[in-house]
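Tertiary structure, described
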Amino acid sequence: MAATVVSVDVLGLHIGATGVCVRRAERIRHVPAFAARLGDGWVFGDAASALGPTDVLDPVRAVDSAELLTGLVRYAAAAVGASPDTGTVVAVHPTKWSARRRDALYTAARSVARNAELVPAAVAACAAVEVDADARCVTLEVTSDGVTATSFEPIRGGRAVIDRVARNPDLAAQEVDSDDGASRLRSLIESVSGRIDPDVLLVTGIPGESAGVELCGRLAARIGRGIRVVPVAASEMLAPLTGIPEPSTARVAAPETEGEWSTAQWLQDVRAPMPEPSRAPRFGWVIAGAMIVVVVVAAMVFTSGDEGTHGVVAERGVAESTETVRTEPSDDAPATASPDPDETAFTTIDLGPVRLDLPSYWRIRDSGVQDPGRTELLPDSGPDRRIVVVYSQLADGMNQDAVARSLAARAMERSEVIRDVDPDTRFGDRPVISYVEVPDEFSTVRWSVVVVPGLQISIGCQFLADEWTGIRSECEQAVHTVEPV
C-alpha cells in the first residue's frame, strides 16, 4: 500500500495506549503519557513518574484532558528537538477514538506545527507494510483495554480507506493468548472481514512492538495457516508518514566512508511477499503454529553499523542510525537459551589476520558481501544475536590511549547512537575500550576494542533489547581469546 511522503519538515506522533512515540527525521523518542502537578504547572513524561502521575490518555478523564494532551504533545515534540515553526505534524491515533478526542488531538498538534494531519492507526499500519493491492487486509490494535479490528476497501493507489471497524473492549491483550481469547479474536476478525479469511493481518499495539514479538507469534499460531501475520511497531508507522525510510523495510544507502554499513533491518522476512494464501470460507484456519512462529523469530535479522579503522583509527562502528530512548539491558535480564558452557565444545575461527575461539555452534555468516576487515558470526540457533569482528591496521604511534581519544571524539559527534564510552576497562579478563551502540530501537551492540601493537580489533556483540545475558558468555569468550595471527 502506498504511503504519502510529505515534506521533510515533518514531525510524527503516534498516540498509543500508554504513551507517545515521536519521530523527527531519524530521531525517535518514546514518552510515557504521564503528567503531574508541580507548583502552578505540570510536568510530563518520565519526570512525572515519581510525583503521583496522572494518565493523560485515560479515556474517562474529563477535567484538564485537552490541556494535558497539549502539554504532552509539546513535551514529546521538544524531546526530539522540533522547532516551534515546524511545518507539519502527522498524528497517528487509535482508530477507535471519538470525534471529541480527535478534535483535542488536532488542537494539541496545531500547538507544535503550522499544519496538522490526523491518521487512524489502522491506516498508518497499512502504509508501513508492503501489501498487494488486491490483498484482503485487516488490522488488529491490541491493547490492555481491548482489541479493535479494521478492514479496508480495495486499494488502487494512495492511502488505505477504512471499510469496517469492530471493537471488543472486553478482550484485553493478556487474554488473547488463550483458547477463549483466540476464539473471540477470530469472531472479531470475521465481523469485519466477512466469511472469507483475510490475506494479511497487521498487528499493532502490544504484540506489534519488539517486546511483544513472541506474543504476536503465538497469535499467528492460534489464527492458523494461510494468513500473513505482520507485527507493526509505532515507529514503523511514522516512518513513511514522515518521509523517512524505515531500516526494517529498506536498506539505507551506504555512507560515503568506504566500507561503512547501514543500520539494522528488522522483521524483513516477515514483510517479504509470501505465496498466495488459501481462501477457505468461514475461517477454515488450520493451526500451524510452529511454522508461523519460526517465521516471526527468523525475521529478526540484524544488519547494524559496526566499527573499524578508516585512515588513522576505526570509525565504522558509528553507523548512520535511528536514535531511541531505551533502558540498557541488565546482567540479570532474561537470557536466550544456550548450551551449558561446561558441556560446550569450542572451535577456533580463523578470520585472516586475527582468530578467536567460540562455541562450535557459532559460524561465519555467508552474507554474499565481501567487506575486508569485517566479519559477522552467527549461532546456529538463528540471527537474533550476532558477533561482529572488525580489524584494521593502526598508524605508527597509535596506542590504546590514542585510539580511546579518537573514539571518544567520534562518540561526541554521534551521541544519539554511541554512549557510555569507557577508555580503560576490562572485559573478557583483558583491558579494552568499551562503549554501547544503539543502532535501532530493537537492539543494542556492546563493543569491546582490543588494541595490540599495530592492530585494532573491535568486537561488537549485538542482541535484542533486554537479552544481554543470552550472548554475554560468548562475547566474553570472543574478547578473551581474540589474537592476531
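Report follows, based on the coordinates. Since this is a predicted model, take the numbers as computed values, not measurements. In every chain, residue numbers begin from 1 and rise along the written sequence. Owing to the predicted nature of the model, reporting of local features is limited to residues with pLDDT of at least 70; listing and counting of side-chain atom pairs is limited to 80 or more, with chain, interface and lining totals taken over all residues. To get the side-chain values, take all heavy atoms of the structure and skip hydrogens and water.

1. Description of the environment of arginine 355
- Segments assigned H or I by DSSP are reported as helices when at least four residues long, segments assigned E as strands when at least two residues long, and all are numbered from the N terminus. Take arginine 355: it is sitting in strand β17 (residues 354–359).
- Among the residues examined, arginine 355 registers a relative accessible area of 34% and is labelled partly exposed.
- For the pair arginine 355 and valine 485, spaced 130 residues apart in sequence, the C-alpha to C-alpha distance is 6.6 Å.
- In what follows, residue pairs with any heavy atoms lying within 4.5 Å of each other are defined as contacts. Discounting residues that sit within four places of it in the chain, arginine 355 has contacts with Thr348, Ile349, Asp350, Thr481, Val482, Glu483 and Val485. Only protein chains enter the area calculation, which uses a 1.4 Å probe; residues under 20% of their type maximum are buried, those over 50% are exposed, and those in between are partly exposed.

2. Observations concerning the packing of aromatic side chains
- Any pair of Phe, Tyr and Trp rings, taking the six-membered ring for Trp, is counted once the centres come within 6.5 Å. Such a pair is stacked with planes under 30 degrees apart, edge-to-face with planes over 60 apart, and tilted for the rest. Here the structure, examined in full by the defined rule, presents three aromatic pairs.
- Between phenylalanine 427 and tryptophan 468, the ring centres sit 6.2 Å apart and the planes meet at 35 degrees, which makes this aromatic pair tilted. On the criterion of sequence distance, the pair formed by phenylalanine 427 in strand β21 (residues 418–427) and tryptophan 468 in the loop between β24 (455–464) and α10 (472–481) is long-range, its members being 41 residues apart.
- For phenylalanine 427, a relative accessible area of 15% puts it in the buried group.
- Judged by relative accessible area, which is 1%, tryptophan 468 ranks as buried.
- In textbook terms, an aromatic cluster arises when at least three aromatic residues are bridged by ring pairs, as seen for Phe427, Phe463 and Trp468.
- The side chain of arginine 446 reaches across the aromatic face of tryptophan 468, ending 4.3 Å from its centre. To sit over a ring, a charge needs its Lys NZ or Arg CZ within 6 Å of the ring centre and within 35 degrees of the ring normal.

3. Some points on the state of the cysteines
- Disulfide: a pair of cysteine sulfur atoms within 2.5 Å of each other. This structure, assessed with the given rule, holds one disulfide.
- There is a disulfide in this structure between cysteine 461 and cysteine 475, and the S-S distance comes to 2.0 Å. Across the S-S bond linking cysteine 461 and cysteine 475, the dihedral sits near 90 degrees, which makes this disulfide right-handed. Of the two residues, cysteine 461 sits in strand β24 while cysteine 475 sits in helix α10, which places them 14 residues apart along the sequence. The two residues cysteine 461 and cysteine 475 agree in class, both being buried.

4. Comments concerning the sheet that holds strand β10 (residues 146–152)
- In this description, strands pair whenever DSSP reports at least two bridges between them. A sheet is described by the order of its strands in space; here five strands give the open sequence β11-β10-β9-β12-β13, paired in mixed fashion. A single partner strand is all that each edge strand has here, and the edge strands are β11 (162–168) and β13 (228–231). Direction aside, neighbouring strands of the sheet carry axes that sit 20 degrees apart on average.
- Bridge count between strand β9 (residues 137–143) and β10: six bridges; the pairing is antiparallel. Bridging across to β10, valine 138 finds its partner in serine 151.
- The strands touched by helix α3 (residues 121–128) are β9, β10, β11 and β12 (200–205); relative to β9, the strand with the most contacts, the crossing angle is about 120 degrees. As a rule, the C-alpha atoms of each element are fitted with a line to give its axis, helices using only the stretch in contact, and angles between N-to-C directions run from 0 to 180 degrees.

5. Observations regarding the packing of helix α1 (residues 65–79) against helix α2 (residues 99–110)
- One way to put it is that α1 packs onto α2 with a least axis distance of 8 Å and a crossing angle of 40 degrees. The angle between α1 and α2 falls in the class oblique. Note that α1 runs across α2; the crossing there is right-handed. For the pair formed by α1 and α2, the contact residues are Leu69, Thr70 and Val73 on the first element and Ala104, Leu105, Ala108 and Ala109 on the second. With respect to orientation, any angle under 35 degrees is reported as roughly parallel, any angle over 145 as roughly antiparallel, any angle of 65 to 115 as roughly perpendicular, and every other angle as oblique. Take the far helix as the reference: if the near one is turned anticlockwise from it by less than a right angle, the crossing is left-handed, and if turned clockwise, right-handed.

6. Description of the pairing of strand β19 (residues 374–379)
- Of all six residues in β19, six are buried; the element is thus mostly enclosed.
- Side chains Arg374, Glu376 and Leu378 of β19 all project onto a buried face; the interleaved residues Thr375, Leu377 and Pro379 project onto the opposite face, where all are buried too.
- With four bridges connecting them, β19 and strand β20 (residues 385–393) associate as antiparallel partners. When the sheet's bridge partners are listed, arginine 374 is paired in β20 with valine 390.
- Here β19 hands over to β20 after five residues, with glycine 382 in that stretch at a positive phi of 140 degrees.

Everything listed here is a matter of geometry and, on its own, says nothing about what the molecule does.
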